[in-house]
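Structural overview for review
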Amino acid sequence: MSVLTLKAIWETTGAALFSVALLPHHQDVYTVESIDSTKEIENRRLNIFRAAEAIVSELGASQLTFTSLSERTGIQESDLQAMFPDREALLSAMIEHRLERFRVRWRAYESVLPDEPMRELKSLLLSNLSESNEEKNLDSAILAAAASNPALLQTTSDDVQGLFNILAESPLGLAQASILFFSVRGYRLFEQIGICPMTDIQRSEFQEQIMRMARTLYEQKNEG
């Protein structure tokens, strides 16, 4: 992402954070103590998710237990179960955490791209193209766990339907928008399971071509 894009994201999100800091002190929800406490809880959950991801990736989904998670994190089993009543609750929380990271990045792209008909579709494509290695590992862990419990993926059903609604309502229509979307997701799947032979230069060229193709298809649609 360019420096200009990062600057724009800060300008759109930083102002909102600054305005929260200026709220009257009687609004206890924004006190330093509560913010620190919330941050501590979120950091603990993130460490748990990372440890769970590592266990599934290294040992397999069947080895993700509260015992193995306690050994990996140093958190007592009773404390883990207070946060997540059972293994399915933990996995569901991991999936929701993954989805929320994607939504945040998607909104960030939308906030900095020009306000034009293709903005939402471009934001969707860029959000998928810019996933981190951590997110790819988390996806692998979730898929491995879902192999023995497909019901876990039900958590994502509404999000998937929402994605397809966006593709259908884009200026390109469902068919052409889906070609772009599935090209990106196929690329990410090969990256996720570690069999993509592309160099960094080739990856960059692929990403540029996807965005160029989106623009070309849109221009051809308008000309027709």
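Nothing here was measured: the structure is a model prediction, and the numbers come from that model.

Re the environment of R101
As for its placement among the helices and strands, R101 is situated in helix 5 (residues 87–112). R101 sits in the partly exposed class, given a relative accessible area of 26%. Residues R101 and S127 lie 26 residues apart in sequence; the distance between their C-alpha atoms is 10.0 Å. If we ignore the near neighbours within four places in the chain, the residues touching R101 are S132, E134 and E135.

Focus on helix 6 (residues 119–129)
Counting buried positions along helix 6 gives eight out of 11 residues, so the element sits mostly inside the fold. Inspection of helix 6 places L121, S123, L124, L125, L126, S127, N128 and L129 among the buried residues, and these make up the whole buried set.

Regarding the packing of helix 9 (residues 173–192) against helix 10 (residues 200–223)
Running from N to C, helix 9 and helix 10 point in directions that differ by 170 degrees, and their axes come no closer than 10 Å. When the axes of helix 9 and helix 10 are compared, the pair comes out roughly antiparallel. Two secondary-structure elements touch here, helix 9 through Q176, L180, S183, V184, Y187 and E191 and helix 10 through R203, F206, Q207, I210, M213, A214, L217 and K221.

A short note on the pattern of salt bridges
In a structure, side chains of opposite charge can pair up when their charged atoms sit close to one another. Inspection of every chain in the model, using the stated rule, returns 12 salt bridges. Put simply, E100 and R103 hold a salt bridge, and the shortest N to O gap is 3.0 Å. Separated by three residues within a single helix, E100 and R103 lie in helix 5, roughly one turn from each other. Taken together, the salt bridges that share partners define one network made up of R98, E131, D139, R185 and R188.

Some points on the packing of aromatic side chains
Inspection of the entire model under this criterion finds six aromatic pairs. With a centroid separation of 6.1 Å and 50 degrees between ring planes, the pair formed by F49 and F84 is classed as tilted. A residue pair is termed long-range when its members are at least 10 positions apart, and F49 in helix 2 (residues 32–59) and F84 in the loop between helix 4 (77–83) and helix 5 qualify at 35 residues. Residue F49 is classed as buried on the basis of its relative accessible area, which comes to 3%. Ring plane angle 65 degrees and centroid distance 5.6 Å describe the contact between F181 and F182, whose orientation is recorded as edge-to-face. A residue is classified by how much of its surface remains accessible, and F182, at 46% relative accessible area, is partly exposed. Taken together, the aromatic side chains of F164, F181 and F182 make up a single cluster linked through ring pairs.

What counts and how
- Residues numbered from 1 in each chain as written.
- Predicted model: local features only at pLDDT ≥ 70, side-chain atom pairs only at ≥ 80, totals over all residues.
- Heavy atoms only, no water.
- Helix = DSSP H or I, 4+ residues; strand = E, 2+ residues; numbered from the N terminus.
- Buried < 20%, exposed > 50% of the residue type's maximum accessible area, 1.4 Å probe, protein only.
- Contact = heavy atoms within 4.5 Å.
- Axes fitted to C-alpha atoms, helices over the stretch in contact; angles between N-to-C directions.
- Parallel < 35°, antiparallel > 145°, perpendicular 65-115°, else oblique.
- Salt bridge = Lys/Arg side-chain N within 4 Å of Asp/Glu carboxyl O.
- Phe/Tyr/Trp six-rings, centres within 6.5 Å; stacked < 30°, edge-to-face > 60°.

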